[in-house]
Amino acid sequence: MNASATAPDRFVCPFCGLLCDDLPFPGTSAHLQAACPKAAEGWSAIRAGYAGEGARVDGAAVDMEVALRAAADALARARRPLIGGLGGDVQMMRAALALADRCGARIVHAHQAAAQRNLFALQGRGGVATTLAEARNRADLVVVVGGDVTRRFPRLLERLFVPAPVFVEAAARRLVLLGADRLEHAPAGVPVERIDCGGLDLFDAVATLRACCDGRLAERAAPAGFASLAERMKSSRYGLLLWAAGDLDFPGADLLVEELQQLLLGLNRETRWAALPLAGSAGDLTANAVAAWQTGFALPLAFAGGEVAYDPFPDYRDADLLLWLAVLPGLTFPEAARGVPTIAVAAPGLEPEGARIVMPAAVPGVHAAGHLVRSDGVVTLYAPRQDAAPLPAAAQVLTRILAAVETQPCR
Amino acid sequence: MPLTRLKGGRIVDPANGVDAVADLCFADGRIVAPPAGAAAREIDCTGMVLMAGGIDLHTHIGGGKVNIARTLLPEDHAPLHLESDIPLRSACGHAATPTLAAGYRYAQMGYTACFEPAMLPTNARQAHLEMGDTPIVDHGAYAMLGSDDFLLRLLAAEAPQAKIDDYVAWTLSATQAMGIKVVNPGGISAFKFNRRAFDLDDAHPHYGVTPRRILQALARAVANLGVPHPLHVHASNLGAAGNLATTLATMAAVEGLPLHLTHIQFHSYGTEGEFKFSSGAAQIAEAVNRLRNVSIDIGQIMFGQTVTCSGDSMAQQRNVGHATPKKTLLMDIECDAGCGVVPFRYRDQSYVNALQWAIGLELFLLVEDPWRIVLTTDHPNGAPFTSYPHLIRLLCDKAFRDEQFARLHPAARSMSLLPSLKREYSLAEIAVVTRAAPARLLGLADRGQLGAGAAADIAAYREQADREAMFAAPAWVFKDGVEVVREGRIQAAPQGATHVVRPEYDRAIERELAGFFGSHMTQAFAGFAIGDEELCEACNHGGRLHVHAWCRRA
Ligand code: SF4
Ligand SMILES: [Zn+2]
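Since this is a predicted model, take the numbers as computed values, not measurements. Each residue is numbered by its place in its chain's sequence as written, counting from 1. All chains are assigned letters beginning at A, and all ligands numbers beginning at 1, according to the order in which they are written. The model is predicted, so local features are restricted to residues of pLDDT at least 70 and side-chain atom pairs to those at 80 or more, both for listing and for counting; the totals for chains, interfaces and linings are taken over all residues. The basis for the side-chain values is all heavy atoms of the structure; hydrogens and waters are excluded.

Draft legend 1. Just the packing of helix 8 (residues 244-253) of chain B against helix 9 (residues 281-290) of chain B, in detail. Residues and elements named next belong to chain B. Between the N-to-C directions of two axes lies an angle of 0 to 180 degrees, each axis being a line fitted to C-alpha atoms and, for a helix, fitted only over the stretch in contact. Each helix is a run of DSSP H or I of at least 4 residues and each strand a run of E of at least 2, with the numbering of both proceeding from the N terminus. It is at 10 Å that the axes of helix 8 and helix 9 come closest, and there the two elements cross at 5 degrees. If you check the angle between helix 8 and helix 9, you find them roughly parallel. Two secondary-structure elements touch here, helix 8 through Leu244, Thr247, Leu248 and Met251 and helix 9 through Gln283, Ile284, Ala287 and Val288. Residues were grouped as follows: Ala, Val, Leu, Ile, Met, Phe, Trp, Tyr, Cys and Pro as nonpolar; Asp, Glu, Lys and Arg as charged; and all remaining residues, including Gly, as polar. Broken down by class, the residue content of the contact of helix 8 with helix 9 amounts to 6 nonpolar, 2 polar and no charged. Note on terminology: angles under 35 degrees are roughly parallel, angles over 145 are roughly antiparallel, angles of 65 to 115 are roughly perpendicular, and the others are oblique. Any two residues having at least one pair of non-hydrogen atoms within 4.5 Å are treated as being in contact.

Spelled out as structure tokens, the structure:
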């Protein structure tokens with residue numbers, strides 16, 4: 001814990017990838033409810049002001065040291081360990097990778113499937129991306145594709161549309177929904193239009209729109225409104241495509257993202273367009289960024305015998321031990337992992353059910369300072385500590401487990 | 001640490017004018033004058049050439065665009081089986097080298113310091129976190145300015161130079177940087193306004209300022225602040241046929257102020273010949289030879305697969321069609337800059353690529369003063385840094401060079417004067433362009449040389465006629481006196497230090513910046529600057545911070 005990083009007047013919200021730093025530290029959930037439901041939900045999931053119980057083994061309270069040893073023993077004995085969850089900060093991820101390397105573990109983020117939709121598309125054909133500030137200052141036409149992005153990122157449109165834009169007339173901005181019926185958190189003052197897909201599924205709708213933009217399709221062959229949308233997109237000076245990969249939960253969604261990126265590359269031949277591709281959250285971008293810079297690969301990874309390899313579809317059922325890391329809320333525990341013996345390094349309130357060993361750790365940005373990567377993948381924020389709870393950072397716990405593993409005989 | 005004596009090697013230390021067989025001693029991480037009597041440890045270096053640890057002053061080792069490149073190319077990362085006598089972390093990689101592999105591989109080549117040349121201020125945290133995960137080597141970064149809205153606004157408002165100096169100094173401190181780089185001055189911003197080309201005297205579509213003005217303001221600020229490293233310039237018109245004229249004009253634009261032109265190979269193209277693409281090396285070298293304020297690094301290309309990752313989104317948009325494999329990522333970034341990542345395969349049977357290869361070597365051989373030229377491939381843009389030993393052989397061995405030249409596209413051969421250049425680099429010249437010159441250009445007084453008091457960053461190479469083999473695998477490498485490599489095998493992987501500069505400035509600029517963050521940005525100004533403790537955390541709590549001190553000049 002880093003005392004000097006305590007800056008109670010500055011709060012970086014760790015509860016979704018937007019990392020809002022314009023809200024006061026939530027003293028009460030009620031206060032936060034008004035600002036952002038997702039933050040309120042995160043806040044009530046963790047126990048801030050925590051002063052309570054420590055580590056547990058088989059339900060019994062034990063010294064942290066005992067739990068660490070038990071965890072190290074279990075890891076050293078495991079033949080196919082898997083490190084999962086991965087909702088945490090950069091330091092946690094660094095320590096998790098070091099431990100996975102030492103133990104020959106697989107390692108995967110709980111929301112990897114969502115992140116992979118964007119990743120596979122990137123690795124297929126690339127794309128065009130932008131960041132929050134550019135989007136906020138420039139976008140004159142914003143097209144939201146698929147579901148309601150504000151369900152996962154409640155303040156996204158508020159942050160894009162409420163501040164006065166710098167390079168475009170505020171009144172000239174338009175928001176178009178392609179696929180979603182409505183927005184739960186639409187900012188006031190921005191006209192929202194909905195384009196009816198005319199019975200096309202989302203992939204066909206996007207492909208048709210792209211064909212319209214490329215002039216490959218006769219006007220009458222597309223649903224009403226598509227041709228004029230394409231015209232507006234082409235005459236926009238800086239357009240923005242928004243989607244949340246977490247919402248695109250259907251087979252082949254990465255191909256849809258690829259189609260969206262191809263649409264952008266095409267539009268950029270004449271004008272400027274970019275995407276703000278949002279993924280799942282709960283630290284997925286942070287986890288993938290650290291994995292990529294250390295190993296070259298985004299997650300999931302498999303370490304074995306001094307080698308690391310990209311392991312795109314790991315199966316929890318193959319694991320004989322799960323080390324679940326959860327110091328950010330919002331992780332979904334995988335159904336396939338139920339029944340796998342589980343050890344958890346988790347913030348109080350985020351322990352998975354049935355974990356044999358539980359070691360409590362700090363929520364970055366609440367009980368400890370931590371680095372988190374924002375949804376645009378560019379800005380990393382250092383979330384200061386807010387609260388004096390006696391909780392170690394997850395990285396510290398993992399580093400101690402690693403040290404204990406290293407005293408074990410090699411498998 | 002007790003005294004270590006490296007006995008009987010040939011010390012090639014051009015910074016101190018030394019090229020002689022002698023003992024080299026160090027204790028507590030520093031070189032000491034050889035004392036009489038026995039040392040605690042004696043190492044026989046007979047037949048070896050001892051040089052200071054190598055210093056790469058332009059290598060893309062950390063930060064957003066490199067990480068995009070890594071992610072974009074899973075097919076690029078073969079497992080690396082690194083020779084080691086200690087447990088290492090598993091590593092893999094080739095072109096877009098991951099941090100662990102980069103640190104290990106640099107050390108195995110005798111390099112002990114690496115500088116990331118393109119750290120975007122809004123991405124500085126990530127860059128430091130990545131460099132912190134790059135083992136063994138010291139590191140530092142140049143903060144990228146010149147397409148950032150704050151500077152462009154200052155220039156559009158004709159702010160006084162003192163204010164620009166303050167902003168530059170604040171940027172250096174806030175981002176924990178070692179220097180300032182400008183990439184396609186103003187052009188990355190102009191691309192956000194849909195401009196596709198931007199030459200030295202073009203007016204910015206929104207701010208009206210020209211690249212010439214941006215260059216002058218930044219070069220002046222760097223000089224006024226006493227930052228040791230000259231303004232690091234990636235000039236306008238990267239990669240475009242005929243850009244030689246822009247490059248010459250860029251040299252003239254700074255009116256005698258110190259200027260470092262990076263990866264100049266990519267900026268030395270004429271428009272002659274059947275394919276309207278020719279070598280401008282002779283004209284560029286003539287200008288560099290004449291202008292004592294100018295230093296360069298080459299950005300040599302090598303044939304094979306690599307990935308280009310540049311802050312120059314405008315130039316990279318032009319390259320989308322050349323991507324191999326066919327994927328490209330372009331990005332606009334946070335009122336700051338942008339980037340473009342385009343995988344690329346340089347082919348010796350491509351006329352343009354073959355000539356690029358020859359142009360780089362022509363420049364190496366035509367620039368007379370080795371103290372103003374640094375060996376780089378602009379890793380990974382021209383080639384991965386692991387090709388340095390091969391490049392050294394090309395410089396040292398005319399016969400080998402001719403052999404390689406004979407394989408090139410015939411039309412490219414007919415357009416290059418390379419065969420007529422008889423020069424072969426001496427070992428002392430290699431020591432200059434790979435350590436002494438970059439140390440001097442960066443203001444690293446105690447690196448890049450082996451005088452008493454210098455850091456004990458030492459590489460001992462077994463002397464061999466085949467310079468590629470010689471420089472690929474040093475017999476010994478010491479980092480701050482710690483034995484990190486022996487016979488190519490890693491012995492220790494300490495955390496390297498971070499090098500930064502911190503000029504003073506008038507803090508009034510921070511009020512203006514706070515206002516700008518409110519009106520333009522999406523994070524609070526209060527949390528923007530990277531503190532020392534945070535940097536320490538980024539460096540896994542194991543590194544050191546080298547603050548290069550100087551006073552602000554009047
Ligand atoms: S949008 Fe996300 S980061 Fe912002 S307050 Fe809500 S949960 Fe926190
Ligand atoms: Zn470069």
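There is more to say after this.
Draft legend 2. Structural view of the environment of B:Arg213. Residues and elements named next belong to chain B. Along the chain, Arg213 turns up in helix 7 (residues 211-225). Arg213 sits 189 residues away from Asp402 along the chain, and the two C-alpha atoms are 43 Å apart. Excluding residues within four positions of it along the chain, Arg213 makes contact with Leu155 and Ile164.

Draft legend 3. The arrangement of the interface of chain B and chain A in detail. Each side of the interface is counted separately: chain B has 56 residues, and chain A has 59 residues. Put simply, buried area is how much 1.4 Å-probe accessible surface two parts lose in total, over both of them, once they are put together. Each partner contributes to the roughly 5,200 Å² buried at the junction of chain B and chain A, and carbon and sulfur atoms together form 50% of this total. By definition, a salt bridge exists where a carboxyl oxygen of Asp or Glu is found within 4 Å of a side-chain nitrogen of Lys or Arg. Here chain B and chain A share 5 salt bridges between them. A salt bridge links B:Lys192 to A:Glu134, with the nearest nitrogen and oxygen atoms 2.5 Å apart.

Draft legend 4. The pattern of salt bridges, seen in detail. Residue and element names in this part refer to chain B. Applying the stated criterion across every chain yields a total of 60 salt bridges over all chains. Two residues, Arg372 and Asp369, come together in a salt bridge whose shortest N-O distance is 3.2 Å. Only protein chains enter the accessibility calculation, which uses a 1.4 Å probe. A residue is then buried if its area is under 20% of the maximum for its type, exposed if over 50%, and partly exposed in between. Look at Asp369 and you get buried, because its relative accessible area is 15%. In this structure, the salt-bridge partner of Arg507 is Glu510, at a minimum N-O distance of 3.3 Å. Accessibility expressed as a relative area gives 56% for Arg507, which makes it exposed. Here Glu510 falls in the buried class, since its relative accessible area comes to 17%.

Draft legend 5. Broad picture of the packing of aromatic side chains. Centres within 6.5 Å make a pair out of two Phe, Tyr or Trp rings, where for Trp the six-membered ring is used; the pair is then stacked when the planes are under 30 degrees apart, edge-to-face when over 60, and tilted otherwise. Across all of its chains, the model carries 27 aromatic pairs over all chains by this definition. Both rings, one in B:Tyr461 and one in B:Phe471, keep their centres 4.6 Å apart while their planes meet at 50 degrees; by these two values the pair is tilted. Here B:Tyr461, found in strand 21 (residues 458-462), pairs with B:Phe471, found in helix 16 (residues 467-472); they are 10 residues apart in sequence, far enough to count as distant. A single burial state applies to B:Tyr461 and to B:Phe471, both of which are buried. Joined through ring pairs, the aromatic side chains of B:Phe150, B:Tyr167, B:Trp170, B:Phe516, B:Phe517, B:Phe525 and B:Phe528 make up one cluster. The criterion for a charge sitting over a ring is simple: Lys NZ or Arg CZ within 6 Å of the ring centre, and within 35 degrees of the ring normal. Above the face of the A:Tyr238 ring, A:Arg138 is positioned so that its terminal group lies 5.9 Å from the ring centre. The ring of B:Trp371 carries B:Arg440 above its face, with NZ or CZ at 3.9 Å from the centroid.

Function cannot be read off these values alone, since they describe shape.
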